[in-house]
Amino acid sequence: MASNFLTGRDYLRKKKIREKKKLISVALGFPDLAFAVGAVPVFPIRMETFEVSKYLMPLQSATSVLGWDLTSKFLEFARQFDVLKIVDKILEDVITSINSKYNEMYDIGVSNGVPSELCYGINALYGMHKSKGKNLDANLTFAMRCGSWNTFSESLKTTVPSQIIIDVPSKNSDNEDIALKEMINNVKNGISELEKITGNFVSDNSLQKQFRIGNQVKRFYKTILYEISDSNFYPCNPATFAEILALLTITFQDYNSNSQRYLENLSHLVKEMRERIRKGVGMDVSHMPRLLFAPMYQGWEPEIHEIIYKLGGRIIYADWDVLGFLEEIPISHKSDPIEEYARFLLNASKKGIGCDDENMTNSYLKTAENMNIDGLIFNQVYGCPSTSKIYDKLKEKLKAEYNIPAIVIKFKKIGENIEQVRTTLMPFMERLIDTRNS
Ligand code: SF4
């Protein structure tokens, strides 16, 4: 999965030049329509050239020659003798490589006219489009975010002229039937535009095929979030586990441009994790408090999971679950896939993606309850007028209703304030561990 992310540039070039596929940029969790129309969805940072870990390339070659099962057996063999800390090292390198590229994209955004007081995510996304937008055939976006997001989408027109914007009706709409009808209409219009760009036709079958794959991906994703992350024994150390969750958060946005391959990778990942736990290969984490860190998809300090690990805790990243993107889309021969997709989008918007304070607070509370976490670290993104303001109410309710403590840290750019973050978190973790042991 990591290698598919980092080598995306070659894959995408092949798709565009040799196979004449259309590249459609997407963000958040919305690649389905692009797949269904036979285009290639791409989270645009993947068109960049990345520094690839020196361990990753041989591993990728080994996987293609030996298959994943034999490669993973070899890795396990190597680890028994503690010859190489291959997986830990690769993941650390991958996350470092992705994050230095994110910072580069942020700088491009800031130096090309995006006001730096906008959030990190918007600046970075703008930079990604500015840097490689000329390779894109269109940008597919859902206009249900904050005002800053919508202004940003508008400003992309100069970089990617073909903009497909699917509006999501207000979640405050009194009449749910009217909202659903409007949503269905908006999805249909978006599909028509995609059909015009690609020259392909979207059928019920192509939509359902994509939703079926998406549903399986979501099931595996939730297995990792709920079954494995709640286990007392991890298949790797908690910092590496958090890196896997970070990689999932980033790659879920476009399924690394190949949904079937992404599904197979996730299936291997879950199988491998379960096998390791069954064989007792990994780490006892029963004494380590679990902390949900959120939101992180619009920018976060990746050093955080290492800091928390060293302070005796474990971090969980679960943004897409909090925001409702891991909900499955019902499929049956009687259902209309466009209507089901419209309903899925409306439900996601009710979970708070539309930046409604109350809904968003409730989504965090529900996730905290379902995931049985011991604490929350709230990531206050500089320049975000929306999500950030829910913190006080959320903290109060978490304590009152679930006795879960929360702390806020501020984020502006990767690599800034690491020491300050560490200093803020130390007493919080000490208290958490004391309470757990008392
Ligand atoms: S809600 Fe906040 S973090 Fe999300 S896009 Fe808007 S400003 Fe950025």
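First, a word on scope: everything that follows refers to the structure included in this document. (Residues numbered from 1 in each chain as written. Predicted model: local features only at pLDDT ≥ 70, side-chain atom pairs only at ≥ 80, totals over all residues. Heavy atoms only, no water.)

1. Section: the overall build of the chain
Let me state the cut-off plainly: Helix and strand definitions here come from DSSP, where helices need a minimum of 4 consecutive H or I residues and strands a minimum of 2 consecutive E residues; each element is numbered from the N-terminal end. When a residue's accessible area, from a 1.4 Å probe over protein chains only, is under 20% of the maximum for its type it is buried; when over 50% it is exposed; and in between it is partly exposed. Here, two residues are considered to be in contact whenever any of their heavy atoms come within 4.5 Å of each other. Each accessible area value is a Shrake-Rupley result obtained with a 1.4 Å probe; residue values ignore everything except the protein chains displayed when judging cover.
The helix and strand tally for the chain stands at 18 helices and 10 strands. Split into buried and exposed, the 438 residues of the chain put 56% on the buried side. Of all intrachain contacts in the chain linking residues separated by at least 6 positions in sequence, the fraction that spans at least 24 positions is 78%. Accessible surface, the chain: about 18600 Å² in total, of which carbon and sulfur atoms supply 50%.

2. With respect to the packing of aromatic side chains
The condition is simple: Here a pair means two rings of Phe, Tyr or Trp (six-membered ring of Trp) with centres within 6.5 Å. Their orientation is stacked below 30 degrees between planes, edge-to-face above 60, and tilted elsewhere.
The tally for this structure, following the rule as stated, stands at 20 aromatic pairs. For the ring pair F378 and Y391, a centre distance of 5.4 Å and an interplane angle of 35° mean the geometry is tilted. In this pair, F378 is assigned in strand β9 (residues 375–381) and Y391 in helix α17 (residues 391–402), connecting sequence segments 13 residues apart. Both residues of the pair, F378 and Y391, count as buried. By the ring-pair criterion, three or more aromatic residues cluster together here, those being F30, F35, F142, Y221, F252, Y255, Y262, Y297, W320 and F325.

3. What about the sheet that holds β9?
Going by this rule: Two strands pair under a simple rule: DSSP has to find at least two bridges between them. Lines fitted to C-alpha atoms define the axes, with helix axes restricted to the stretch in contact, and inter-axis angles between N-to-C directions lie between 0 and 180 degrees.
If you trace the four strands from one edge of the open sheet to the other, you get β8-β7-β9-β10, paired in parallel fashion. One side of each edge strand has no neighbouring strand; the edge strands of this open sheet are β8 (314–317) and β10 (406–411). Averaged over neighbouring strand pairs, the angle between their axes works out to 30° when direction is ignored. In terms of strand pairing, strand β7 (residues 290–294) meets β9 through four bridges, oriented parallel.

4. Topic: empty space enclosed by the protein
This is how it is decided: Lining residues are defined by having an atom within 4 Å of a point belonging to a cavity or pocket. Those points lie on a 1 Å grid over the protein atoms alone, cavities being sets where a 1.4 Å probe fits but cannot get out and pockets being open sets with protein on both sides within 12 Å along at least five of seven lines. Grid points are joined across faces, edges and corners, and a volume is the space filled by probe spheres set on the points. Following the grouping adopted for this structure description, the nonpolar residues are Ala, Val, Leu, Ile, Met, Phe, Trp, Tyr, Cys and Pro, the charged ones are Asp, Glu, Lys and Arg, and the polar ones are all others, Gly among them.
In the structure shown here, the tally under the stated rule is five cavities of 30 Å³ or more. Computed from the structure, the second largest cavity encloses a volume of approximately 110 Å³. N99, Y102, Y120, T249, I250, Q253, M296, Y297, G299, W300, W320 and I414 are the residues that line the second largest cavity. Contributions of two or more residues to the lining of the second largest cavity are made by α6 (86–111) and α11 (238–251). Grouping the constituent residues of the lining of the second largest cavity by class yields eight nonpolar, four polar and no charged.

5. Considering the packing of helix α10 (residues 204–228) against helix α12 (residues 259–279)
For the record, the criterion: For this classification, under 35 degrees means roughly parallel, over 145 means roughly antiparallel, 65 to 115 means roughly perpendicular, and everything else is oblique. Note on convention: the crossing is left-handed when the near helix lies turned anticlockwise from the far helix by less than a right angle, right-handed when the turn is clockwise.
Where α10 meets α12, the axes come as close as 10 Å, and the angle between the chain directions of the two elements is 25°. The angle between α10 and α12 falls in the class roughly parallel. Between α10 and α12 lies a crossing whose hand is left-handed. Within the contact between the two elements, α10 uses Q210, I213, Q216, V217, F220, T223, I224, E227 and I228 and α12 uses S259, Q260, Y262, L263, L266, S267, L269, V270, M273, R274 and I277. Along the lines of polarity and charge, the residues of the contact of α10 with α12 split into 12 nonpolar, six polar and two charged.

6. Things to note about the pattern of salt bridges
Opposite charge on two side chains allows them to pair when their charged atoms are near. Worth spelling out the cut-off: Definition used for salt bridges: Asp or Glu carboxyl oxygen within 4 Å of a side-chain nitrogen of Lys or Arg.
In total, this model carries 19 salt bridges according to the counting rule given. A salt bridge links E104 to K101, with the shortest nitrogen-to-oxygen separation between them at 3.4 Å. Taken together, the residues E104 and K101, both in helix α6 and three residues apart, mark about one turn of the helix. What makes K101 buried here is its relative accessible area of 10%. R343 serves as the salt-bridge partner of E339, at 2.8 Å between the closest nitrogen and oxygen. You can see E339 and its partner R343 sitting in helix α15 (residues 337–353), four residues apart, about one turn around the helix. With relative accessibility at 32%, the residue R343 sits in the partly exposed group.

7. Some points on the pairing of β8
Both faces of the sheet carry side chains from a regular strand, because those side chains alternate between them. As a reminder, the rule being used: By definition, the crossover connecting two strands over a helix is right-handed if that path, from the first strand to the second, turns clockwise as seen with the strands pointing away from the viewer.
Going residue by residue along β8, you find R314 and I316 tucked away on one face and I315 and Y317 tucked away on the opposite face as well. Here β7 pairs with β8 via four bridges, running parallel. The partner of R290 across the bridge, within β8, is R314. After leaving β7, the chain enters helix α13 (residues 304–310) and then returns to the sheet as β8, a path that is right-handed.

8. Looking at the layout of surface pockets
Quantified by volume, the second largest pocket comes out at close to 340 Å³. Residue lining of the second largest pocket: 17 residues in total, with F35, A39, K209, Q210 and S259 positioned closest to the centre. Of all the secondary-structure elements, those providing two or more residues to the lining of the second largest pocket are α2 (8–18), α3 (32–36), β2 (40–42), α10 and α12. Tallying contributions element by element places α10 first for the lining of the second largest pocket, with four residues. Grouping the constituent residues of the lining of the second largest pocket by class yields seven nonpolar, seven polar and three charged.

9. Some remarks on helix α8 (residues 147–155)
Here is the rule we go by: Arc definition: directions from the helix axis to the C-beta atoms.
Buried residues of α8: S148, W149, F152 and S153, and no others. Along the long axis of α8, the arc covered by the buried residues comes to 140°, so they all point the same way. For α8, exposure combined with an orientation more than 90 degrees from the buried face picks out G147 and T151. Those residues of α8 that are buried lie in contact with α7 (120–132), β3 (138–143) and β4 (163–167).

10. Comments concerning unusual backbone geometry
The step from A294 to P295 runs through a cis peptide bond, and the omega angle for that step is -10°. Checked against the element boundaries, P295 lands in the loop between β7 and α13. Despite not being glycine, Y255 has its phi angle at roughly 50°, a positive value. With a phi close to 55°, N403 is a non-glycine residue in the positive phi region. Looking at the secondary structure, you find N403 in the loop between α17 and β10. For N403, a relative accessible area of 55% puts it in the exposed group.

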